[in-house]
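Now for the letters of each chain:
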Amino acid sequence: MIHSVQVEINQPVLVGISGGIDSVVLLDVLCDLGYNCEAVHVNFQLRGDESDKDESFIVELCKRQSLPLHIHQACARSYATRMNISVMMAARDIRYRLFTQTAIQRRIPSVAVGHHSNDQSESLLINLNRGTGPEGIAGMRPSRLLDDSITLIRPLLAESRKSIQEYADLRNLRWREDTSNQDEIYQRSRIRFKVIPHLNSASLARSSNLVRQWVDEVILPMIDEHFSAASEGQSLKIAYLNKLPDVLAHRLIIEGLRKWLPEAPADETLALKVMELIGLQIGKRIEVGDGAIWRDRRHLVFTSSIRDPSLQNLQLFPGPTPIVIAGGQLKLNLTDTKPKEFICSDEAWFDAEKLDFPLMVRNWQPGDRIHPLGMQGTKKVSDFLTDVAVPVSLRADVVVVFSGDTIAWIVGHRISHKFRITKSTNRYARLCFKRN
């Protein structure tokens, strides 16, 4: 009945139980084999009184077997509306998140769920209908990580719905029937009752297994190798992507989305939009939730937050108290002592008598201009940042310091020629940016 649990008998297992036949059989099998089981149930409040009856049934089941039970209440419909996803997808997200949290709290390394081969066949058809690639055809895995320390296992994945029913009858088990599983408003139900009866479910599951072996042994190692070569920091090299077949370049972008923007939809549709950035001008971006993908000079840069230039007109007075800006603190001191040397780009010296105090500090804005030290005439700050190769994804955080209505310093980069120290300077102003 059970295959490849991959858990030692003396280790605890957290069993996800809905009250349906699959999870009831799974719990019975694991307990009968001697596993140290605890149960977890999520009441999604989708079927009113029926959902509460499922919960009561599970409470009694675990009480009879003296099993620890962890119950969670969650409104799947509210979550689905908030995230703009289907109710079934919302329930899935909530279920695995709560299973993981419970396992971490209880220090249980494995979470078991009751998926079987018929579920595998249905998942294959659903994924094909969505337009999936090899990984979608590979279907559900016997085990996968939920968290760095928690593994999801599917001990019944090789079993059919028929064999599970036969086991339940043999053991005189009781379970709850979820009437929503009969509702053909759900795609899975339509496939289960309208399509699967006309197909060989075992053959479909076998096809998924064969594709999964190709994915695990050939495709994923190849993707890992190319991703390592293409990535640099939290970005992908455009030149490297351009050398690859489109299908592989798109897959590397999907990998980048999964690693660096986990809240984004890591699918082919978004990958195509990201790939189009390569043909656009530097600075173009695609916003995804709170994150973004930028077209930099040589890279596609994945940022987890869209920087908002919200720092506006902070006053900076001479003295010991710094002001907080993006990435650190900015302090202004006055002295009659001439500096012996200029230490780094995060320190700037000025002729104090040329400055108007207090200085004003804000994020740079389009149209801002500076007369860079040692250059003739003024230059747009945007052009200056391009010239010194500040990544596009970082430019919105760049801060400028004003004396009156004139930029005195692009913090961390260049001072203005107007406020430079000369032989006639007697009083000096030191601006220091201390990074976090």
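Before any of the text, the structure's been laid out above.
Conventions we followed
Residues numbered from 1 in each chain as written. Predicted model: local features only at pLDDT ≥ 70, side-chain atom pairs only at ≥ 80, totals over all residues. Heavy atoms only, no water. Axes fitted to C-alpha atoms, helices over the stretch in contact; angles between N-to-C directions. Helix = DSSP H or I, 4+ residues; strand = E, 2+ residues; numbered from the N terminus. Parallel < 35°, antiparallel > 145°, perpendicular 65-115°, else oblique. Contact = heavy atoms within 4.5 Å. Nonpolar A, V, L, I, M, F, W, Y, C, P; charged D, E, K, R; others polar. Expected span 1.5 Å × (residues − 1). Buried < 20%, exposed > 50% of the residue type's maximum accessible area, 1.4 Å probe, protein only. Phe/Tyr/Trp six-rings, centres within 6.5 Å; stacked < 30°, edge-to-face > 60°. Lys NZ or Arg CZ within 6 Å of the ring centre and 35° of its normal. Pairing = 2+ DSSP bridges. Left-handed = near helix turned anticlockwise from the far one by under 90°.

Draft legend 1. Fine view of the packing of helix H11 (residues 246-260) against helix H12 (residues 268-276). The geometry of H11 relative to H12 is characterised by a closest axis approach of 9 Å and an angle of 105° between their N-to-C directions. With respect to H12, the axis of H11 lies roughly perpendicular. Mapping the contact onto sequence places Ala249, His250, Ile253, Ile254 and Leu257 in H11 and Glu268, Leu270, Ala271, Leu272, Val274 and Met275 in H12. Grouping the constituent residues of the contact of H11 with H12 by class yields 9 nonpolar, 1 polar and 1 charged.

Draft legend 2. Here's a closer look at the side chain of glutamine 120. Relative to the helices and strands, glutamine 120 is located in helix H5 (residues 117-130). When sequence neighbours within four positions are dropped, the list of residues in contact with glutamine 120 reads Ala138, Gly139, Met140, Leu157, Ala205, Ser208 and Arg212.

Draft legend 3. How the structure looks around helix H1 (residues 21-33). Given a rise of 1.5 Å per residue, 13 residues ought to cover 18 Å, and the 18 Å separating the end C-alpha atoms of H1 matches this to within 8%. Here H1 has its buried residues at Ile21, Ser23, Val24, Val25, Leu26, Leu27, Asp28, Val29 and Leu30. Here the buried face of H1 lies against strand E1 (12-16), strand E2 (36-43), helix H2 (49-64), strand E4 (110-112) and helix H7 (161-170).

Draft legend 4. The packing of aromatic side chains, seen in detail. Applying the stated criterion across every chain, the model contains 3 aromatic pairs. For the ring pair tyrosine 96 and phenylalanine 99, a centre distance of 6.3 Å and an interplane angle of 85° mean the geometry is edge-to-face. Taken together, the residues span about one helical turn, with tyrosine 96 and phenylalanine 99 both in helix H4 (residues 87-106) at a distance of 3 residues. Since its relative accessible area comes to 8%, tyrosine 96 is described here as buried. By the ring-pair criterion, three or more aromatic residues cluster together here, those being Phe227, Trp260 and Phe302. Over the face of the ring belonging to tyrosine 96 we find arginine 144, whose NZ or CZ atom lies 5.2 Å from the ring centre.

Draft legend 5. Here's a closer look at the sheet that holds strand E9 (residues 291-295). Across the sheet, which stays open at both edges, the 4 strands sit in the order E7-E10-E9-E8 with antiparallel pairing between neighbours. Sheet topology places strand E7 (235-237) and strand E8 (285-288) at the edges, where each strand pairs with a single neighbour. Across this sheet, the average inter-strand angle for adjacent strands is 10°, counted without regard to direction. Where E9 lies against strand E10 (residues 299-303), 4 bridges are found, and the strand directions are antiparallel. For isoleucine 293, the partnering residue across the bridge sits in E10 and is phenylalanine 302. Relative to E10, H11 is tilted by about 25°, and along the sheet it contacts E7, E9 and E10.

Draft legend 6. Representation of the packing of H5 against helix H8 (residues 187-195) in the model. It is at 10 Å that the axes of H5 and H8 come closest, and there the two elements cross at 115°. If you check the angle between H5 and H8, you find them roughly perpendicular. Taken as a pair, H5 and H8 cross one another with a handedness that is right-handed. From H5, Asp119, Glu122, Ser123, Leu125, Ile126 and Asn129 reach across to H8, where they touch Gln187, Arg188, Ile191, Arg192 and Val195. Taken together, the residues of the contact of H5 with H8 break down into 4 nonpolar, 3 polar and 4 charged.

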